[in-house]
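For reference, the chains in residue letters:
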Amino acid sequence: MTMTSYSEAIRQAMTDCMKQDPDVFLMGEDIGVYGGAFGVSRGMLAQFGPERIINTPLSEGSFVGMAVGAALMGARPIVEIMFMDFITLAVDQLVNQAAKLHYVYGKQARCPLVIRAAGGAGRNYGPTHSQNLEAWFCHTPGLKVVAPSSVEDAYTMMKAAIYDDNPVIFLEHKLLYPIKEDCILVPGKSKLPGPVRLQQGGDVTIVSYSYMTFEARMAAHILQKQGIAVDLIDLRTLHPLDETIILESVKNTGKLLIVAEEPRSCGISAEISSRIFEQAYDYIDAPVRRLTMPDVPVSASPSLEKAAMPDRAAIVRAVHELMGS
Amino acid sequence: MNSKSDKLIDDYTTMLLIRCFEETVDELFTTGVVAGTVHTCVGQEAVAVGVASALQKTDVVTSNHRGHGHFIAKGGDIRRMMAEMFGKVDGYSGGRGGSQLMADYSLGFMGGNGIVGGSIPLAAGMALRFKQQKKFNVAACFIGDGSFNQGTFHETLNMAALWKLPVLFLCENNLYAMSTPVAEGNGNTDFAVRAASYGMPGVSIDGNDYFAVRDTVRGYAGLARSGEGPAFIEFKTYRFSGHSRGDQRLYRTREEENSWKRKGPLRRMKKYLVDNDIMTDADDREIKKAVRKKVQEAVKFSKTSPYPDKGTLLEGVYA
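Keep in mind the model is a prediction, meaning the values are calculated, not measured. (Residues numbered from 1 in each chain as written. Chains lettered and ligands numbered in written order. Predicted model: local features only at pLDDT ≥ 70, side-chain atom pairs only at ≥ 80, totals over all residues. Heavy atoms only, no water.)

A look at the packing of helix α1 (residues 3–30) of chain B against helix α4 (residues 78–85) of chain B
Residues and elements named next belong to chain B.
- Two numbers describe how α1 lies on α4: the axes approach to 12 Å, and their chain directions differ by 20°. One finds that α1 runs roughly parallel with respect to α4. Every pair of crossing elements has a handedness; the one defined by α1 and α4 is right-handed. Together, Leu17, Phe21, Thr24, Val25, Leu28 and Phe29 of α1 and Ile78, Met81, Met82 and Met85 of α4 make up the contact between the two elements. (Axes fitted to C-alpha atoms, helices over the stretch in contact; angles between N-to-C directions. Helix = DSSP H or I, 4+ residues; strand = E, 2+ residues; numbered from the N terminus. Parallel < 35°, antiparallel > 145°, perpendicular 65-115°, else oblique. Left-handed = near helix turned anticlockwise from the far one by under 90°. Contact = heavy atoms within 4.5 Å.)

Structure representation (structure tokens):
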């Protein structure tokens, strides 16, 4: 067991795959000498050289498309989108090209591509450097969307994403990058994992993903001390979504809180809420609660940003309301 | 007859096949036999066939919404192409793609595209892969004048030149982006000069001249193969047909159309072959008859092919 950070785990996963497989390469803005805006690829240029650590001009719409083209020819490209907000510039290539090629062209067309995007608020970067846009891509058949919340998952899921034969949007969170955990980085390949139960409890179900799972874990700890046992589920893979263990959990607890750092309307939390309503209506004994960002751009000002973002205190309050306590 | 002459007759035959296929497709859509929309390339056959003739089998081609000619020239099976128009299970994409989205990777035809400019980075990415694997292949990217002002054009040409990728940007300038004349969409209609601003050669040639197309592409493909990087070639041509089904062509005159028809690629190619005793008028009639028969067989094949089973709707979203 060693202390590893979330960003080190992602780097380690990319490095391990690149060592083993010449088809894997990384491209993106300032990923070379600079090591990426958040330092995730630091040192990789020296290790693999400029042909495999491709430092690009500021042209998201086209270097994402080039990665798609290379993937169709058998490569397994990883693309870093410096801030998830910039993925807007590459949406055509992801939605109209990458997502549809296999469905339309069949087995001859495979697009094994990882789009790493640094999302999320909490760093006072303002409206265009703080968004979580993952729901857009969950609305696109053919794309996979994943969001690891732990260091161990960051490592395992990055490797799984690289070896997945589909385009995968890999949501990283700026506030998770520095977080260190004592963990074992498991060698070998595995498939992208579905939702996981992080903590078992019979009183209330909390479902979350990415950095919100970190906050939910803290909240669950506080609630534990107050005598409320949380069944805590981390989604990990947002799309395609497997709701099986959420249903199991809700059928047991009868109460569900969904925590998602995303605008409230038409997002992940709405989708889960709807599936529970459709499939577990008879089991819920309180309305499903959601903690999300409001439908408003993220402000740069610390006070306004904080006001918009769910945190452990808000989660604890919401659980109390849900429990009627 | 020597093999060079045979090759010319083969290419002329392919040009005729494209013409006949496109005219037939146009009729099928116009008369409502086939639903949806289609973009035909009648009048632009010399570009498709000239380019394919200059490429090697292992080179790849990306196409656009007006791509039937590119596919036929690269060896596409017109029965499966026609069946795709009909939305039938024997179509190249099993009816999922329609006119714009067909591909046969085994032939190096990497597909059309429904988004103007969408294929430009894809082709450069394929070239990047060739370069990484140290293969002496090129990626040929067919685009139209309508794609000149998409961001992908600017971004990709810059990166292709920067990294000396073996990709050729092959632009069929047919003078209209749907209905908008090039002069109404571009501050400077001298397109070849744009290439210089990215640091790659750019040239403008007569796209209705099979020989000019073939020889120019062959030259730049050779340079790209040897590591000299990309090139931009503009082919001046004209689509005799409208943009798509239902286009009344109100934005141009019949006089203009007729003047282009007089310099059309097929009649020029035929004149060359007859004048040089490679083919007789009787040969020409025989070839045309055979081509028509082939296209009619493709229509018959498509009519009898079944629609895809509804039970397959959800299959293959993910690999």
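After that view, the rundown keeps rolling.
Thoughts on the pairing of strand β13 (residues 256–263) of chain A
Residues and elements named next belong to chain A.
- For β13, the buried fraction is high: seven of the eight residues fall into the buried class.
- With four bridges joining them, strand β10 (residues 204–208) and β13 adopt parallel strand pairing. Each residue of the ladder has a partner; that of Ser208, found in β13, is Val259.
- By the bridge criterion, four bridges tie β13 to strand β14 (residues 289–293) in an arrangement that is parallel. By the bridge assignment for β14, Val259 is matched with Leu291.
- For the crossover that starts at β13, traverses helix α9 (residues 268–280) and ends in the parallel β14, the hand is right-handed. (Buried < 20%, exposed > 50% of the residue type's maximum accessible area, 1.4 Å probe, protein only. Pairing = 2+ DSSP bridges. Right-handed = clockwise from strand over helix to strand, strands pointing away.)

What to know about the environment of Phe148 of chain B
Residue and element names in this part refer to chain B.
- Tracing the sequence through the fold places Phe148 in the loop between β2 (139–144) and α6 (151–162).
- For the pair Phe148 and Gly118, spaced 30 residues apart in sequence, the C-alpha to C-alpha distance is 12 Å.
- Here Phe148 is in contact with Phe153, Cys171, Asn186, Phe191, Arg194 and Phe232, once residues within four sequence places are set aside.

Side note on the sheet that holds β10 of chain A
Residue and element names in this part refer to chain A.
- Taking strand neighbours across the sheet as the criterion, the five strands line up as β9-β11-β10-β13-β14 in an open arrangement whose pairing is mixed. Both outer strands of the open sheet, β9 (196–199) and β14, are each paired with one neighbouring strand and no more. Ignoring strand direction, the axes of neighbouring strands in this sheet form an average angle of 25°.

Side note on the packing of aromatic side chains
- Summed over the entire model, instances satisfying the criterion amount to 21 aromatic pairs over all chains.
- Judged by centre distance (5.5 Å) and plane angle (50°), the ring pair of Phe83 of chain A and Phe86 of chain A falls under tilted.
- Owing to a relative accessible area of 9%, Phe83 of chain A belongs among the buried residues under this scheme.
- Ring centres 6.0 Å apart and planes at 90° place the aromatic pair Phe153 of chain B and Phe232 of chain B in the edge-to-face group. Taken together, the positions of Phe153 of chain B in helix α6 and Phe232 of chain B in strand β7 (residues 231–236) put the pair 79 residues apart, joining distant regions of the chain. Take Phe153 of chain B and Phe232 of chain B: they sit in the same class, and that class is buried.
- One aromatic cluster in this structure is built from Tyr6, Phe38, Phe83, Phe86, Tyr125 and Tyr177 of chain A.
- The side chain of Arg79 of chain B reaches across the aromatic face of Phe301 of chain B, ending 4.4 Å from its centre.
- Its guanidinium or amino end placed over the ring of Trp260 of chain B, Lys263 of chain B lies 4.1 Å from that ring's centre, counting from NZ or CZ. (Phe/Tyr/Trp six-rings, centres within 6.5 Å; stacked < 30°, edge-to-face > 60°. Lys NZ or Arg CZ within 6 Å of the ring centre and 35° of its normal.)

Re the interface of chain A and chain B
- Listed as interface residues are 41 residues of chain A and, on the opposing side, 39 residues of chain B.
- When the buried area of chain A at its contact with chain B is split by residue, Met66, Met73 and Tyr103 of chain A rank highest and sum to 24% of it.
- Asp23 of chain A is the salt-bridge partner of Arg129 of chain B, the closest N and O atoms lying 3.0 Å from each other.
- Applying the counting criterion to the chain A and chain B interface returns 16 residue pairs in polar contact (both at pLDDT 80 or more).
- Broken down by secondary-structure element, the contributors of at least two residues to the side of chain A that touches chain B are β2 (24–28), β3 (53–55), α3 (60–72) and α4 (91–105) of chain A.
- Ranked by residue count, the leading element in the side of chain A that touches chain B is α3 of chain A, at 10 residues.
- Grouping the constituent residues of the side of chain A that touches chain B by class yields 18 nonpolar, 16 polar and seven charged. (Buried area = accessible area lost by both parts, 1.4 Å probe. Salt bridge = Lys/Arg side-chain N within 4 Å of Asp/Glu carboxyl O. Polar contact = N/O pair within 3.5 Å; in protein donor to acceptor, adjacent residues only side chain to side chain. Nonpolar A, V, L, I, M, F, W, Y, C, P; charged D, E, K, R; others polar.)

A look at the environment of Gly202 of chain B
Residues and elements named next belong to chain B.
- As for its placement among the helices and strands, Gly202 is situated in strand β6 (residues 202–206).
- Taking the C-alpha atoms as reference points, Gly202 and Gly227, separated by 25 residues in sequence, lie 17 Å from one another.
- Leave out the neighbours within four places in its chain, and Gly202 touches Ala192, Ala195 and Phe232.

Comments concerning the side chain of Arg239 of chain B
Residues and elements named next belong to chain B.
- Here Arg239 shows up in the loop between β7 and α10 (254–262).
- No salt bridge forms around the buried Arg239; measuring N to O, its nearest opposite-charge neighbour Asp247 is 4.2 Å away.
- A polar side-chain atom of Arg239 sits 3.1 Å from a polar atom in the side chain of Tyr251.
- With residues near it in sequence (within four places) discarded, Arg239 still touches Val42, Gln44, Arg66, Asn174, Tyr176, Met178, Asp247, Tyr251 and Arg252. (Lys, Arg positive; Asp, Glu negative; His and termini not counted.)

Side note on the nonpolar core
- Residues Ile272 of chain A together with Phe232 of chain B are the most contacted members of the largest nonpolar core, which totals 153 residues.
- No fewer than three residues from each of domain 1 (2–183) and domain 2 (196–323) of chain A sit in this core.
- Discounting residues that sit within four places of it in the chain, Phe232 of chain B has contacts with Phe148, Phe153, Leu157, Phe169, Cys171, Phe191, Ala192, Ala195, Met200, Pro201, Gly202 and Val203 of chain B.
- Grouped together as the second largest cluster of nonpolar side chains are 59 residues, Ala48, Leu55, Ala73 and Met269 of chain B included. (Core = buried A, V, L, I, M, F, W, Y, C linked by side-chain atoms within 4.5 Å. Domains from an automatic or database assignment.)

Function cannot be inferred from these measures alone, as they are strictly geometric.
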